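Here is how the chains run, residue by residue.
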Amino acid sequence: MRPTRFASNAGGMLPALCVSLLAAAPAPLLAQAKPAAAKPTPLEASVDRLAKHPAVTASFAALQNENAWTLDQQASICQIPAPPFKEQARAAA
């Protein structure tokens, strides 16, 4: 089911995380959330328009293209020992 309430930032735009979660949801999942005959709410229509915006679509594509690099970076950082109160080596990296 789609969330019906969003926090807005100073610019009045939906948080990027909410938009990305909605855009990343598989189509069958979204179809199950609402009967096919139901008319989208104004908020849902706005989210759908925003998710289809060329700048948003390009941003998602860039994130997907860089996903392997991001995961490699996260894995290398997690391999640096950082016991409690001794995180200096990880912080330096």
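Residues numbered from 1 in each chain as written. Predicted model: local features only at pLDDT ≥ 70, side-chain atom pairs only at ≥ 80, totals over all residues. Heavy atoms only, no water.

## Some words on the overall build of the protein
On a plain count of helices and strands, the protein comes out with six helices and zero strands. Mapped in sequence order, the helices and strands of the protein form the string α-α-α-α-α-α. Burial status across the protein gives 10% buried among its 93 residues. Partitioning the intrachain contacts of the protein with sequence separation of at least 6 by distance along the chain shows that 50% fall at a separation of at least 24. (Helix = DSSP H or I, 4+ residues; strand = E, 2+ residues; numbered from the N terminus. Buried < 20%, exposed > 50% of the residue type's maximum accessible area, 1.4 Å probe, protein only. Contact = heavy atoms within 4.5 Å.)

## Focus on unusual backbone geometry
The backbone of Phe85 sits at a positive phi, close to 65°, despite the residue not being glycine. Relative to the assigned elements, Phe85 resides in the loop between helix 5 (67–78) and helix 6 (88–92). Residue Phe85 is classed as exposed on the basis of its relative accessible area, which comes to 76%.

## Brief notes about helix 3 (residues 42–52)
Listed in full, the buried residues belonging to helix 3 are Glu44, Val47 and Leu50. Take helix 3 and look down its axis: the buried residues cluster within an arc of 125°, on one side only. In helix 3, those exposed residues whose orientation departs by more than 90 degrees from the buried face are Pro42, Arg49 and Lys52. (Arc of directions from axis to C-beta.)

## Describing the packing of helix 3 against helix 4 (residues 54–65)
Relative orientation and spacing of two packed helices are given, respectively, by the angle between their axes and the distance between those axes. Closest axis-to-axis distance for the helix 3/helix 4 pair is 5 Å, and the angle between their directions is 60°. Contacts from Leu50, Ala51 and Lys52 of helix 3 reach helix 4 at Pro54, Val56 and Thr57. (Axes fitted to C-alpha atoms, helices over the stretch in contact; angles between N-to-C directions.)

## Description of the confidence of the model for the protein
Per-chain confidence: the protein averages 76 in pLDDT, with 60% of residues scoring 70 or above. Per-element mean pLDDT across the protein ranges from 55 in helix 1 (residues 16–24) up to 93 in helix 3. In the model, residues 1–14 has pLDDT below 50 throughout and makes 22 contacts with residues more than four positions away in sequence or in other chains. (pLDDT = per-residue confidence, 0-100.)

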